[in-house]
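# Structural overview
Chain by chain, the residues:
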2 protein chains.
Amino acid sequence: MNDSMQQPRSIKSLAIVGATGAVGREACRILQQHHIAVDHLKLLASPRSAGTAVDVGGHSHKVEALSEASFNGIQYAIFSAGGAISREYAPIAVKAGCIVVDNSSVFRMDPDTPLVIPEINPDDIADHQGIIANPNCSTIIAAMVVWPLHRVNPIKRMIISTYQSASGAGAAAMEELKTQSADVLSGRDVTPSVFPHPIAFNLFVHDSPLDEHGYNNEESKMVHETRKIFHAPDMPITTTCIRVPVMRAHSESINLEFTNPITPDEVRKILHEAPGVSVVDIGTNQHKSTDAEHAGNHQPARFPMPIDASEHDDCLVGHIRQDMSRSNGRAINMF
Amino acid sequence: MNDSMQQPRSIKSLAIVGATGAVGREACRILQQHHIAVDHLKLLASPRSAGTAVDVGGHSHKVEALSEASFNGIQYAIFSAGGAISREYAPIAVKAGCIVVDNSSVFRMDPDTPLVIPEINPDDIADHQGIIANPNCSTIIAAMVVWPLHRVNPIKRMIISTYQSASGAGAAAMEELKTQSADVLSGRDVTPSVFPHPIAFNLFVHDSPLDEHGYNNEESKMVHETRKIFHAPDMPITTTCIRVPVMRAHSESINLEFTNPITPDEVRKILHEAPGVSVVDIGTNQHKSTDAEHAGNHQPARFPMPIDASEHDDCLVGHIRQDMSRSNGRAINMF
């Protein structure tokens, strides 16, 4: 969310399902950061996590165990506790009169559920039947940057390779990256538990199930969710999703083909004005490069990096270049 | 080098310039591993490293300081000590009658210097004038996999995003990744020294100098070197080069457009038979995925990973999929 967007001053009642997970904690942090007052904040989690105290805006909130009665009298609920919990409890919450914002993929492609990025298709919210889905994190990053360009110059093809952090797999995955890295540095053997493969100083193809074409679920989600959000059911999109040993913030290398010619300067200008997007595209790298052949002593160029992005609400974009493998000036690379 | 390739039984004399660097050490390891006997092995480095003892095939070799007289009576020299050293000493070695294999980028695009990958264009060696250049590591990886396909079905466009390890920037960079990771894990502040940005749990656009189009040197090298090796001066290629916190072995996400339709099975079949390439493309990922929505208990799929590739001479390739953003069946994604 961008500061320039209108924000609610207060919410009467809000439940966060999965409050002790990575997304739940981030939701609590954002409530605090944006001074969103919640008269009645209910933190819900598995019975195992019930009783934990979580600090939100200086107040300690006790986490309660999720149950069928949890949503009585609650206005809004954010679900982020995995698909199985959403599938079971989101309809219960809706029946109790609650409006559900669901972070799982269960309802995203359901034709009765709007799939919304507030900066892109806020009007779709009006069609909700109780549940509003929010897209996969990798989808959001690409869509935030591509949408403002697509509006001006329709996209004809999108090719994306991701560099996804451990945070996308939850708090336990981030912990595994830490412990495993320490193990590798100390020469200890590594036994993956959360991830199927070692994550420390390694990377691998996203481990979600593969479809009949060999694409993993993360890759398919990016294609289908982007098409739904853009109201462009046939948009040509292809994706390769890779998990990298980064703590927070996903990165993506994006190649775009447009209907009409476009220059990197035009892209930068459009993205400078786009809500929720920050352009970080500075410098010429005339510094002491690791490339031993090119010495110098100037400032390194600045492009988006996960350690800069992870404390940001905005999506960072840079390294914007004309793709010269298309002679017609209609293709752009960015990171 | 593939075991099936014919190997020299012995070399009369060989100098390794930059013997204490990451590539120099790897060269020593490969001599040993492939049982290449060298009657007179001369390890050369900066005066600072002179005197260091390096073990090659059970024999301790003392590193000597590089000088103008170093190449007298030496048959072959491998240079991997950066561009400045190659520019100054490679011509001296050639004058002394030595055949130089140069790992720097100084001579790669020189029309009088063959740029060679033995599996692809060994015949170009015949044209040498004393120096034979070997390509950039990122170029080699892509070329090894793309060449066997290009021969059967000419490539019309290549889009590559890299995931480059610290090893590409040398031994000191690998050391920095280790120390910095330990610092981050202990909550200590991090001051980058070899790299311009923090590398631990982070990633960034390759820090080589940018050209007027905003492409860094690594990205341009991949384009121009591949065209030279393939004898395809106009091949449309576009690249995005990213440094990731991995110790050894670069990865690349490659999107290929062919002249004629091609299926993933055909790609796998061609690559199975390609020298220096191993296909790792197994399974369906029906396991306990980190994606909480998809539980199961089967084996995780196997695709290429840096920790598997770094002890391999072969280039690993997998996650081969039809790119369905092209309806004509002429495009393929691979990792």
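Residues numbered from 1 in each chain as written. Chains lettered and ligands numbered in written order. Predicted model: local features only at pLDDT ≥ 70, side-chain atom pairs only at ≥ 80, totals over all residues. Heavy atoms only, no water.

Quick look at unusual backbone geometry now. Residues and elements named next belong to chain A. Despite not being glycine, His 35 shows a phi value in the positive range, around 50 degrees. Structurally, His 35 is set in the loop between helix 1 (22–33) and strand 2 (37–45). Classification of His 35 by relative accessible area gives exposed; the value is 69%. (Helix = DSSP H or I, 4+ residues; strand = E, 2+ residues; numbered from the N terminus. Buried < 20%, exposed > 50% of the residue type's maximum accessible area, 1.4 Å probe, protein only.)

This paragraph deals with the environment of Gln 75 of chain A. All names here are of chain A. By secondary structure assignment, the location of Gln 75 is in the loop between strand 5 (64–65) and strand 6 (76–79). Judged by relative accessible area, Gln 75 falls into the partly exposed class, the value being 30%. Discounting chain neighbours no more than four positions away, the residues touching Gln 75 are Ile 11, Lys 12, Ser 13, Gly 97, Cys 98 and Ile 99. There is a polar contact of 3.2 Å between the side chain of Gln 75 and the backbone nitrogen of Lys 12. (Contact = heavy atoms within 4.5 Å. Polar contact = N/O pair within 3.5 Å; in protein donor to acceptor, adjacent residues only side chain to side chain.)

All names here are of chain A. With their axes 9 Å apart at the nearest point, helix 3 (residues 137–152) and helix 5 (residues 217–229) run at an angle of 45 degrees to one another. In terms of axis orientation, helix 3 runs oblique to helix 5. Remark: the crossing between helix 3 and helix 5 carries right-handed chirality. Across the interface between the two elements, Ser 138, Thr 139 and Ala 142 from helix 3 touch Glu 218, Lys 221, Met 222, Glu 225, Thr 226 and Ile 229 from helix 5. Here the residues of the contact of helix 3 with helix 5 sort into three nonpolar, three polar and three charged. (Axes fitted to C-alpha atoms, helices over the stretch in contact; angles between N-to-C directions. Parallel < 35°, antiparallel > 145°, perpendicular 65-115°, else oblique. Left-handed = near helix turned anticlockwise from the far one by under 90°. Nonpolar A, V, L, I, M, F, W, Y, C, P; charged D, E, K, R; others polar.)

If you walk through the whole model with that rule in mind, you get two cavities of 30 Å³ or more. Size it by volume and the largest cavity reaches roughly 110 Å³. Around the largest cavity, the lining comprises 18 residues; the ones closest to its centre are Ile 159, Ile 160 and Ser 161 of chain A together with Ile 159 and Ser 253 of chain B. Its residues assigned to classes, the lining of the largest cavity shows six nonpolar, twelve polar and no charged. (1 Å grid on protein atoms, 1.4 Å probe; cavity = no way out; pocket = protein on both sides within 12 Å on 5 of 7 lines; lining within 4 Å. Points joined across faces, edges and corners; volume = space filled by probe spheres on them.)

Moving on to the pairing of strand 13 (residues 251–258) of chain B. All names here are of chain B. Buried residues dominate strand 13, accounting for eight of its eight residues. Burial along strand 13 is two-sided: the residues Ser 251, Ser 253, Asn 255 and Glu 257 and Glu 252, Ile 254, Leu 256 and Phe 258 are all buried. Here strand 13 pairs with strand 17 (residues 331–334) via four bridges, running antiparallel. The partner of Leu 256 across the bridge, within strand 17, is Ile 332. (Pairing = 2+ DSSP bridges.)

Residue and element names in this part refer to chain A. Of the residues in chain A, 92% reach a pLDDT of 70 or more, and the chain-wide mean stands at 91. Here residues 1–5 is modelled with pLDDT under 50, and outside its nearest four sequence neighbours on either side it reaches eleven contacts, counting other chains as well. Note that residues 294–298 has pLDDT below 50 and, in this model, 13 contacts with residues that lie over four places away or in other chains. Both scores are available for the predicted complex, with the pTM at 0.90 and the ipTM at 0.89. (pLDDT = per-residue confidence, 0-100.)

Residues and elements named next belong to chain B. Going through the model one piece at a time under the given rule, you end up with nine aromatic pairs over all chains. Measuring from centroid to centroid gives 5.1 Å for Trp 147 and Phe 230, while their planes differ by 55 degrees, and the two rings are tilted. Taken as a pair, Trp 147 in helix 3 (residues 137–152) and Phe 230 in the loop between helix 5 (217–229) and strand 11 (237–240) lie far apart in primary sequence, 83 residues in all. Accessibility classification places Trp 147 together with Phe 230 in one group, the buried group. (Phe/Tyr/Trp six-rings, centres within 6.5 Å; stacked < 30°, edge-to-face > 60°.)

Mapping chain B onto chain A is achieved by rotating through 180 degrees and translating by 0.0 Å along the same axis, at an RMSD of 0.0 Å. What the superposition gives is, in effect, a two-fold axis relating one chain to the other. (Least-squares fit on C-alpha atoms with pLDDT ≥ 70 in both.)

Residue and element names in this part refer to chain A. Here we have six strands laid out as an open sheet, ordered 5-2-1-6-7-8, and parallel in their pairing. Sheet topology places strand 5 and strand 8 (131–133) at the edges, where each strand pairs with a single neighbour. Pairing analysis gives four bridges linking strand 6 to strand 7 (residues 99–102), with the strands arranged parallel. The partner of Phe 79 across the bridge, within strand 7, is Asp 102. Here helix 1 sits on the sheet and contacts strand 1 (10–17) and strand 2; the angle it forms with strand 1, its principal contact strand, is near 165 degrees. Relative to the sheet, helix 2 (residues 83–95) contacts strand 1, strand 6, strand 7 and strand 8, its axis offset from that of strand 6 by approximately 175 degrees.

Taken together, the contact pairs 82 residues of chain B with 82 residues of chain A. Carbon and sulfur atoms make up 58% of the surface buried where chain B meets chain A, a total of about 6,600 Å² over both sides. The interface formed by chain B and chain A holds eight salt bridges in total. The partner of Glu 257 of chain B in a salt bridge is Arg 326 of chain A, with the nearest N and O atoms 3.7 Å apart. Along the contact surface separating chain B from chain A lie 30 residue pairs in polar contact (both at pLDDT 80 or more). Looking at the side of chain B that touches chain A residue by residue, the classes come out as 34 nonpolar, 34 polar and 14 charged. (Buried area = accessible area lost by both parts, 1.4 Å probe. Salt bridge = Lys/Arg side-chain N within 4 Å of Asp/Glu carboxyl O.)

What follows covers the pattern of salt bridges. Using the criterion set out here, one finds 25 salt bridges over all chains in the structure. Here Asp 265 of chain A and Arg 268 of chain A are joined by a salt bridge, their closest N and O atoms 3.1 Å apart. Here Asp 265 of chain A pairs with Arg 268 of chain A, and both are found in helix 6 (residues 264–272), just three residues apart, close to one helical turn. A residue is classified by how much of its surface remains accessible, and Asp 265 of chain A, at 55% relative accessible area, is exposed. Linking Arg 302 of chain B and Asp 308 of chain B is a salt bridge whose minimum nitrogen-to-oxygen distance equals 2.9 Å. Judged by relative accessible area, which is 35%, Arg 302 of chain B ranks as partly exposed. Under the relative-accessibility criterion, Asp 308 of chain B is labelled partly exposed at 27%. Overlapping salt bridges bring together Arg 157, Glu 257, Asp 323 and Arg 326 of chain A together with Arg 157, Glu 257, Asp 323 and Arg 326 of chain B as one network.

This brings us to the pairing of strand 9 (residues 155–163) of chain B. Residues and elements named next belong to chain B. Most of strand 9 is tucked away: eight of the nine residues are buried. Taken together, the eight bridges between strand 9 and strand 13 define a ladder with antiparallel strand orientation. Its bridge partner lying in strand 13, Met 158 is registered against Leu 256. When strand 9 meets strand 11, the two strands line up parallel, connected through four bridges. Residue pairing for strand 11: Ser 161 is matched across the bridge by Thr 240.

Here we take up the side chain of Asn 153 of chain B. All names here are of chain B. One can find Asn 153 in the loop between helix 3 and strand 9. Owing to a relative accessible area of 4%, Asn 153 belongs among the buried residues under this scheme. In this structure the side chain of Asn 153 is engaged in a polar contact, spanning 3.2 Å, whose partner is the backbone nitrogen of Thr 259. With residues near it in sequence (within four places) discarded, Asn 153 still touches Phe 258, Thr 259, Asn 260, Pro 261 and Ile 262.

Before going further, it helps to examine the packing of helix 3 of chain A against helix 6 of chain A. Helices that pack against each other are described as a pair by the angle of their axes relative to one another and the distance between those axes. Residues and elements named next belong to chain A. With their axes 9 Å apart at the nearest point, helix 3 and helix 6 run at an angle of 115 degrees to one another. The orientation of helix 3 relative to helix 6 falls into the category roughly perpendicular. Crossing angle aside, the handedness with which helix 3 passes helix 6 is right-handed. Two secondary-structure elements touch here, helix 3 through Val 145, Pro 148, Leu 149 and Val 152 and helix 6 through Val 267, Ile 270 and Leu 271. Taken together, the residues of the contact of helix 3 with helix 6 break down into seven nonpolar, no polar and no charged.

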